[in-house]
Amino acid sequence: MAMTKHIFPDENYQNFFFDIIGTRESARRKTTILFKPLNEIDFKKLNCERNGSYTKLPDSMPIMQAPPNKLNPLADTMFNKQWVSVPHGSEVNFVVNSKNSYEEALFKCEDERYEFDISIYSFQMAVKWLNELENIQDEQRITNLVQRIIRLKVLQKIYSNNHEILGIFQTKPLSIAKTLIERVNSKLAEMRDAKFD
């Protein structure tokens, strides 16, 4: 309680804060007006005044006030604190039209290009790591790098039917690294050409 006096010097803010704390339990939160979104509040039941698409907040709804030292009479007359825009009627159940065939084709094309870009990036990373592999002497770092390259699944895409090469790469990566760099680079060049065609 004493700590809140430093945070909320105004007693009204303290009371408002304790009202919120009292509603923290989820069962209570659902029933209190403090935590409900505006579109879930039944303004008709609360007999709130309406003006077109705007509805006056009920008196029970807390309205944030500026601290006493920040009060500005002009701002109080200019800024709206009591009226809110709440959709009424058919706007609430508005359904977006389903995509037409052109939009579907456009989204499909975007998805394919995205996957293509991800594949190119994976191949570039594989080439980079295979080049690093040739210069590493530490056995543990070699093993970690081999695992990273395998997780990219680039070699599986190139050598899908030839499991022997993947086995050699896992057991003796340095002996086959040069061959793999050439093969991954040639596949990467093919992919880049295909992207711009």
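Everything numeric in this text was worked out from a predicted model, so none of it was measured.

## A few points about the overall build of the protein
For the protein, the helix and strand inventory stands at nine helices and three strands. The linear arrangement of helices and strands in the protein, starting from the amino end, is α-α-α-β-β-α-β-α-α-α-α-α. Across the 197 residues of the protein, 23% fall into the buried class. Look at the contacts in the protein between residues 6 or more apart in sequence, and 56% of them connect residues 24 or more apart. Taken as a whole, the protein presents about 15,100 Å² of accessible surface, with 53% of it coming from carbon and sulfur.

## What about the sheet that holds strand 1 (residues 50-51)?
Within a beta sheet, neighbouring strands are joined by backbone hydrogen bonds and run either parallel or antiparallel to one another. Spatially, the three strands line up as an open sheet ordered 1-2-3, and their pairing is antiparallel. Edge strands, defined here as strands with exactly one partner in the open sheet, are strand 1 and strand 3 (83-85). The pairing of strand 2 (residues 54-56) with strand 3 spans three bridges and is antiparallel. The residue bridging Y54 from the neighbouring strand is S85, located in strand 3.

## Quick notes on the nonpolar core
Membership of the largest hydrophobic core comes to 28 residues, with the highest contact counts inside it found for F123, L130, L133, L155, F169, L180 and V184. Listing elements by their share of this core, those giving two or more residues are helix 5 (101-135), helix 6 (139-152), helix 7 (154-158), helix 8 (163-171) and helix 9 (173-196). Among the elements that take part in this core, helix 5 stands out by supplying eight residues, more than any other. Setting aside anything within four residues of it in sequence, one finds F123 in contact with V154, K157, I158, V184, K187, L188 and M191.

## A closer look at the packing of helix 5 against helix 6
A packed helix pair is summarised by two numbers, namely the angle formed by the two axes and the spacing between the axes. Running from N to C, helix 5 and helix 6 cross one another at 160°; their axes reach a closest spacing of 10 Å. Considering the angle they form, helix 5 stands roughly antiparallel to helix 6. Relative to helix 6, the crossing made by helix 5 is left-handed. Where helix 5 abuts helix 6, its residues S122, M125, A126, W129, L130, E132 and L133 lie against I142, L145, V146, R148, I149 and L152.

## Overview of a nonpolar patch on the surface
The grouping of L74, M78 and F79 at the surface amounts to a nonpolar patch, some 390 Å² of accessible area in total. Locating L74 in the fold gives a position in helix 4 (residues 73-78). What makes L74 exposed here is its relative accessible area of 56%.

## Points about unusual backbone geometry
The backbone of K153 shows a phi angle near 65°, a positive value even though the residue is not glycine. Note that K153 resides in the loop between helix 6 and helix 7.

## Section: the pattern of salt bridges
Counting across every chain of the model gives two salt bridges. With its nearest N and O atoms 3.9 Å apart, the salt bridge here joins K187 to E190. Residue K187 and its partner E190 are both found in helix 9; the two are separated by three residues, about one turn of the helix. Judged by relative accessible area, which is 28%, K187 ranks as partly exposed.

## With respect to helix 8
Taken together, the buried positions of helix 8 are I165, L166 and F169. Taken around the axis of helix 8, the buried residues stretch over an arc of 100°, which confines them to a single face. The exposed residues of helix 8 that point more than 90 degrees off its buried face are H163, E164 and T171. In this structure, the buried side of helix 8 is in contact with helix 5, helix 6, helix 7 and helix 9.

What counts, and where the lines are drawn
Residues numbered from 1 in each chain as written. Predicted model: local features only at pLDDT ≥ 70, side-chain atom pairs only at ≥ 80, totals over all residues. Heavy atoms only, no water. Helix = DSSP H or I, 4+ residues; strand = E, 2+ residues; numbered from the N terminus. Buried < 20%, exposed > 50% of the residue type's maximum accessible area, 1.4 Å probe, protein only. Contact = heavy atoms within 4.5 Å. Areas by Shrake-Rupley, 256 points an atom, 1.4 Å probe, with all protein chains shown as cover. Pairing = 2+ DSSP bridges. Core = buried A, V, L, I, M, F, W, Y, C linked by side-chain atoms within 4.5 Å. Axes fitted to C-alpha atoms, helices over the stretch in contact; angles between N-to-C directions. Parallel < 35°, antiparallel > 145°, perpendicular 65-115°, else oblique. Left-handed = near helix turned anticlockwise from the far one by under 90°. Patch = residues over 30% accessible without salt bridge, like charges linked within 9 Å, V, L, I, M, F, W, Y side chains within 5 Å. Salt bridge = Lys/Arg side-chain N within 4 Å of Asp/Glu carboxyl O. Arc of directions from axis to C-beta.

The analysis is restricted to geometry; functional conclusions fall outside its scope.
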